[in-house]
Protein chains: 2
Amino acid sequence: MNKPKILVLGAGYGGIMTTVNLQKMLGRDDAQITLVNKHNYHYQTTWLHENAAGTLHHDNTRIPIDEVINKNKVNFIVDTVKEIKHEDKTVVLEGGDTLTYDYLVVGLGFEPATFGIPGIKEHAFSITSINAARKIKAHIEYMFATYSASKEKRDELLTFIVGGAGFTGIEFLGELANRVPELCKEYDVPREKVRIICVEAGPGALPGFDPELVEYAVNLLERKGVEFKIGTAIKEVQEDGVVLSKGEDMEEVKSGTIVWSAGVQGSPVCEAADIGAMRGRVKVNADMRAPGHDDIFVVGDCALIINEEIDRPYPPTAQIAMQQGVIVAKNIKALINGENTKTFKPDIKGTVASLGEGEAIGLVFGRKYFGGTASFLKKMIDNRYLFLLGGIGLVLKKGKLKFF
Amino acid sequence: MNKPKILVLGAGYGGIMTTVNLQKMLGRDDAQITLVNKHNYHYQTTWLHENAAGTLHHDNTRIPIDEVINKNKVNFIVDTVKEIKHEDKTVVLEGGDTLTYDYLVVGLGFEPATFGIPGIKEHAFSITSINAARKIKAHIEYMFATYSASKEKRDELLTFIVGGAGFTGIEFLGELANRVPELCKEYDVPREKVRIICVEAGPGALPGFDPELVEYAVNLLERKGVEFKIGTAIKEVQEDGVVLSKGEDMEEVKSGTIVWSAGVQGSPVCEAADIGAMRGRVKVNADMRAPGHDDIFVVGDCALIINEEIDRPYPPTAQIAMQQGVIVAKNIKALINGENTKTFKPDIKGTVASLGEGEAIGLVFGRKYFGGTASFLKKMIDNRYLFLLGGIGLVLKKGKLKFF
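Criteria and thresholds
Residues numbered from 1 in each chain as written. Chains lettered and ligands numbered in written order. Predicted model: local features only at pLDDT ≥ 70, side-chain atom pairs only at ≥ 80, totals over all residues. Heavy atoms only, no water. Least-squares fit on C-alpha atoms with pLDDT ≥ 70 in both. Contact = heavy atoms within 4.5 Å. Pairing = 2+ DSSP bridges. Helix = DSSP H or I, 4+ residues; strand = E, 2+ residues; numbered from the N terminus. Axes fitted to C-alpha atoms, helices over the stretch in contact; angles between N-to-C directions. Domains from an automatic or database assignment. Buried area = accessible area lost by both parts, 1.4 Å probe. Salt bridge = Lys/Arg side-chain N within 4 Å of Asp/Glu carboxyl O. Polar contact = N/O pair within 3.5 Å; in protein donor to acceptor, adjacent residues only side chain to side chain. Buried < 20%, exposed > 50% of the residue type's maximum accessible area, 1.4 Å probe, protein only. Parallel < 35°, antiparallel > 145°, perpendicular 65-115°, else oblique. Nonpolar A, V, L, I, M, F, W, Y, C, P; charged D, E, K, R; others polar. Expected span 1.5 Å × (residues − 1). Arc of directions from axis to C-beta.

This part covers the relation of the copies chain B and chain A. Between chain B and chain A, the superposition needs a rotation of 180 degrees and an axial shift of 0.0 Å, giving an RMSD of 0.0 Å. Taken together, the rotation angle and the small translation identify this as a two-fold axis. Both copies present the same face, since 100% of the interface residues in chain B are matched by interface residues at the equivalent positions in chain A.

See below:
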């Protein structure tokens, strides 16, 4: 008797939660579960902005996959997915292997959306992975070191531009504003030499968030020295700065560091798979399967689901990806057992944006929170995720346990 | 009654020891002492290679000048010396001030000697100051971070070339070889990807040092993964590597990091002062005065003194600069009192080269030392200097007290 083969691509929030739930729900004889991931670790994408600013070490953000999967039940392969061939029911890896599946889970994550703005790919950083965050951290330090050691003292070395005042941009700004005084001390740089500029094309920061909370966040960041340029578009990113436009006005700002965080799209491998993706995202059926592909589930940033109350897509958040992982595991089990699949319905408990150590804003169960309380809630949310992923042991090992 | 004005330029080993001894020997009414230095701190040039490799924090290497001078006796100015006008007995600072003197002490330090090799100034690092060392440290980290985050994995990012196997080069190699495994761990880089190459044009490492000790040092560094290219000249430093020649053979080695440590010369301000300097060095009289300039003393890397036993110049070491500071202070006091100046005679107690934590080679009072014993001696020498400069308090604050 052949066991059904379940192949999970990607160990982000969606893929790893699918895998961990599958290994709980299924016995060793029920299915063969294989997980493929680029690295031998899972990381918490929602903490990467702290690694990038240098306020948290990246080892706190990543978790060896061996620590959360049961190797007796899950076959784990470290490789990069090159191509999904749904007609052959195979997946080709960059290392050369070809894997077959009966059920496929696509959780290949995101890449920055550049909206066609020239120069972003070449000259801007994006907070996309442990490697990328670590490079941003080292780059920022190198800018301070270079400024200190140079005779001419070019101010643009100390100008840091963040493109986008969405969730990631705002959270990164909070950490960076906290980190800058430390860097000034370390490299003997006067604080007033450093500029942190946030450029946002839309009419305000954190679109869709409660206005009172947004105001609190913007005021707090401004007090920490962040300059906001709202309603201002980045027209081009150059090697040594950006070209901005606000209405008719054009402006060039020289900068050694541009961090682009104005939007994400799904994985290009998902886009190329011919399973109905637009910008790397598949508008999935109610049970998280790709339309017309009964054996392919899509989770996380590669999945598009619509919030029918407002007829707009849900934002691609960790919270939703985790919940998708649970339902996808259940639905695969149902298919194996010949049962009906269930509909995925996000259960949005709330949203909290951190603004640097001890500061945050949040809307949780319909209530607004500010400052220390919101920051506490954020840490509880982070710890809850670790608990769902790896139990109390993982919370103790990687959790944010210094609450106040 | 006018007090004689003593002006000390530079707070390196020579300048700071002159100043500290002057303030001990002279009363407040005997003279007006002024010290000018680029930074508000003195640093131990002999420790900079550790800061550059990242094995020691730069704050351990620098000492606020306020902590070792008596502000009641010494007027301290933070500024950069622009020009010495000996005919007017004045010194012009970059900030715009002009200072007058009756006695001048020139201790303006060194700059890298490039021997006309193209590209060194533009593309190579040199371990010349706290700022330069800190930049090298940040640059090395940035190379590891960039390698990790890149898809193409260009090996030259992890190739580190040290030009020169003299004292500084060897000591830096020792620290770098210790630091590399830590960086590999931090940035998830396999150790075998990293190359550390030392290029030396002469016939061997550490010219003039005892051959048995040199062999010990080279073997130890090779075991730590350093590749030596002896009898090999750097013909050119380019943006992305070096061109080497050995006899007829030419070779290009790609590298993101070239540290030039093959020689130093005296300060260009000293060179321009028309006080008899060649390559920034003044061949001083027996009492450390510039020939033909009875009011100008020269110390440290700007002073050239001949070892008559071998009819060659003494190397410009911290040990000699410190001893010069003592005799120059005594001789200035003698001149003020109408007494005869004394002849400077270096008292070479020994030389120890560190090879990374816990390892060194040394020749002290004519005896050879290796490994841990030599490393211990090195730390004692460092601590003795701190004691001479700022007493036991400074030893406890900045000393190397972890001996084993």
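Attention now goes to the sheet that holds strand E21 (residues 296-298) of chain B. Residues and elements named next belong to chain B. Pairing in this open sheet of five strands is parallel, and the strands run E5-E2-E1-E9-E21 from one edge to the other. Edge positions in the sheet fall to strand E5 (74-78) and E21, since each of these pairs with one other strand and no more. Going across the sheet, the axis of each strand differs from the next one's by a mean of 15 degrees, ignoring polarity. Both strand E1 (residues 5-9) and strand E2 (residues 32-37) contribute to a ladder of five bridges, which runs parallel. Counted as the bridge partner of Leu9 is Val36 from E2.

Once that is clear, we can look at the domain arrangement of chain A. Residue and element names in this part refer to chain A. Here the domain parsing of chain A yields domain 1 (5-38 + 79-112 + 264-347) and domain 2 (114-262 + 349-404). Just the C-alpha atoms count here: the centres of domain 1 and domain 2 sit 30 Å apart. The interface of domain 1 with domain 2 comprises 12 residues on the first partner and 11 residues on the second. Buried area between domain 1 and domain 2, summed over both chains or domains, comes out near 1,000 Å², and the portion from carbon and sulfur atoms is 59%. The tally of links between domain 1 and domain 2 comes to one salt bridge. One can count three residue pairs in polar contact (both at pLDDT 80 or more) joining domain 1 with domain 2.

With that settled, consider the side chain of A:Asn37. All names here are of chain A. Residue position: Asn37 is located in strand E2 (residues 32-37). Residue classification places Asn37 among the buried residues on the basis of a relative accessible area of 11%. From its side chain, Asn37 meets the backbone nitrogen of Ala11 in a polar contact 2.9 Å long. In terms of polar contacts, Asn37 uses its side chain to reach the backbone carbonyl oxygen of Tyr41, at 3.2 Å. Discounting residues that sit within four places of it in the chain, Asn37 has contacts with Gly10, Ala11, Ile65, Phe76, Ile77, Val78 and Asp79.

All names here are of chain B. In terms of burial, strand E25 (residues 350-354) is largely enclosed, as four of its five residues are buried. As paired elements, E25 and strand E26 (residues 360-364) share five bridges and run antiparallel to each other. Paired with Gly350 across the bridge in E26 is Val364. Hairpin connection between E25 and E26: a loop of five residues separates the two successive antiparallel strands, and Gly356 in this loop has a positive phi of roughly 100 degrees.

Attention shifts here to the side chain of B:His139. Following the sequence through the fold, B:His139 ends up in helix H5 (residues 130-149). Filtering out sequence-adjacent residues up to four positions away, B:His139 remains in contact with A:Tyr142, B:Phe125, B:Gly256 and B:Thr257.

All names here are of chain A. At a minimum axis separation of 10 Å, helix H1 (residues 13-25) and helix H10 (residues 371-398) run at an interaxial angle of 40 degrees. Comparing their axes, H10 and H1 come out oblique. Every residue of H10 that contacts H1 at Tyr13, Ile16, Met17, Val20 and Lys24 is listed here: Tyr385, Leu388 and Leu389. For the contact of H1 with H10, the per-class residue count stands at seven nonpolar, no polar and one charged.

On the side of chain A, 22 residues touch chain B, which itself brings 22 residues to the contact. Both sides together, the interface formed by chain B and chain A hides about 1,800 Å², and carbon and sulfur atoms give 49% of it. Per-residue buried area on chain B facing chain A is highest for B:Arg134, B:Lys135 and B:Tyr142; these three make up 30% of the total on that side. Measuring nitrogen to oxygen at the nearest pair gives 2.9 Å for the salt bridge that ties A:Arg134 to B:Asp188. Inspection of the chain B/chain A interface yields 18 residue pairs in polar contact (both at pLDDT 80 or more). Top contributing element to the side of chain B that touches chain A by residue count: H5(B), with 12 residues.

Residues and elements named next belong to chain B. If you check helix H7 (residues 211-223), its first and last C-alpha atoms are 18 Å apart, about what 13 residues at 1.5 Å a residue would give, namely 18 Å. Every buried residue of H7 is listed here: Leu213, Val214, Ala217, Val218, Leu220 and Leu221. Around the axis of H7, the buried residues are gathered within 165 degrees of arc, so they sit on the same side. Residues of H7 that are exposed and point more than 90 degrees away from the buried face comprise Pro211 and Arg223. Looking at the buried side of H7, the elements it contacts are helix H6 (167-186), strand E13 (226-230), E26 and strand E27 (367-370).

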